[in-house]
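Residues per chain are reported as follows:
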Amino acid sequence: MIEISEIKKILNSKLTSERYAHTLCVAEEAAVLAKRYGADKEKARLAGLLHDICKSDNRDSLLQMMREFGIIPDNVEEYAEKLWHARVGAAFCRQRLGIEDEDVLSAVRYHTTARAGMSLLEKIVFLADYISADRDYEGVQEIRTAVYAGLDSGMRVAAAFSMRELIKKQRLIHPNTVAAYNEAMREWVTVNRLRSGKSI
Ligand code: DGI
Ligand code: FE
Ligand code: FE
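In this text the structure is predicted, and so the values were computed from the model without any measurement.

Our next topic: the confidence of the model for the protein chain. Put simply, the protein chain has an average pLDDT of 97, and 99% of its residues get 70 or more. By mean pLDDT, helix H10 (residues 175-196) is the weakest element of the protein chain at 93, and helix H7 (residues 120-131) is the strongest at 99.

Shown next, in the form of structure tokens:
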């Protein structure tokens, strides 16, 4: 198993200083959320550290790694280059760092789009990325409050925020992003129906 100190050295050399600082904040937040919500703290810290490992790579090296790792962009990824670092990052962790923990690898892979049926660790990394200490975008406080109220409310508020932002910016929406939103909302709609006494 690769040592954390070795991983930090690699991250420090691959990432811009701002992105490296973000990575440390996400690792810290993921560990806090893991403790709060009963996940493995060290796995959460590791996945948080690794989640943006390929974020500072340029387009050419991302394309090169996609070829090398056999990643074929789907018909949304073709039009959304910001999604590439997550899939390439997970493959990099497996192929170059020898990370074998599938839950850690999929937390890296799905940290940008999210997806339906996420594991506890996947949700924790996705949400930690949204609310880490370095984040100061408008609306972050509302998401922090929702995440600390519960993982389900966190997923609902974060998924809805993603959808609004993507539409506002006229970007394509990945099917995994839509599936995560629908899953988070389905439960909410059901609870509200039961509360209001409606059957459908
Ligand atoms: O890497 P970070 O900046 O820490 O954050 P991230 O990996 O969550 O997001 C990277 C970008 O990806 C951000 O600008 C939002 C965008 N994104 C997330 N889901 C989708 C998406 N972009 C498109 N086009 N479609 C998506 O479904
Ligand atoms: Fe990212
Ligand atoms: Fe990130």
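Below, the discussion takes up the site of ligand 1. Taken together, the neighbourhood of ligand 1 is formed by 18 residues, with Thr112, Arg135, Leu172, His174 and Thr177 sitting nearest. Contact distances for ligand 1 include 2.9 Å between an oxygen atom and a side-chain N or O atom of arginine 135. Contact between ligand 1 and threonine 177: an oxygen atom at 2.8 Å from a side-chain N or O atom of the residue. Burial of ligand 1 by the surrounding chains reaches 85%, relative to a free accessible area of 570 Å². One can see that ligand 1 is located within the largest pocket.

Our focus in this paragraph is the coordination of the iron ion (ligand 3). Within the first shell, the iron ion (ligand 3) binds the protein through His22 (NE2), His51 (NE2), Asp52 (OD) and Asp129 (OD), at distances of 2.1 to 2.3 Å. We note that the donor set of the iron ion (ligand 3) lies within a single chain, spaced as H-x28-H-D-x76-D. The iron ion (ligand 2) is placed at 3.6 Å from the iron ion (ligand 3), the two being bridged by aspartate 52. Side by side, histidine 51 and aspartate 52 carry an identical accessibility label, which is buried.

A full pass over the atoms with the stated rule returns one cavity of 30 Å³ or more. Volume-wise, the largest cavity comes out at about 30 Å³. Along its surface, the largest cavity is lined by Thr113, Ala114, Phe126, Ala159, Ser162, Thr177 and Ala180. Within the residue set of the lining of the largest cavity, elements represented by two or more residues are helix H9 (151-168) and H10. Among the residues making up the lining of the largest cavity, the classes are represented as four nonpolar, three polar and no charged.

Thresholds, definitions, all that
Residues numbered from 1 in each chain as written. Chains lettered and ligands numbered in written order. Predicted model: local features only at pLDDT ≥ 70, side-chain atom pairs only at ≥ 80, totals over all residues. Heavy atoms only, no water. pLDDT = per-residue confidence, 0-100. Helix = DSSP H or I, 4+ residues; strand = E, 2+ residues; numbered from the N terminus. Near = heavy atom within 4 Å. Polar contact = N/O pair within 3.5 Å; in protein donor to acceptor, adjacent residues only side chain to side chain. Areas by Shrake-Rupley, 256 points an atom, 1.4 Å probe, with all protein chains shown as cover. 1 Å grid on protein atoms, 1.4 Å probe; cavity = no way out; pocket = protein on both sides within 12 Å on 5 of 7 lines; lining within 4 Å. Sits in = over half its atoms within 2 Å of the grid points. Donors = N, O, S within 2.8 Å, 3.2 Å for Na, K, Ca; no water. Buried < 20%, exposed > 50% of the residue type's maximum accessible area, 1.4 Å probe, protein only. Points joined across faces, edges and corners; volume = space filled by probe spheres on them. Nonpolar A, V, L, I, M, F, W, Y, C, P; charged D, E, K, R; others polar.

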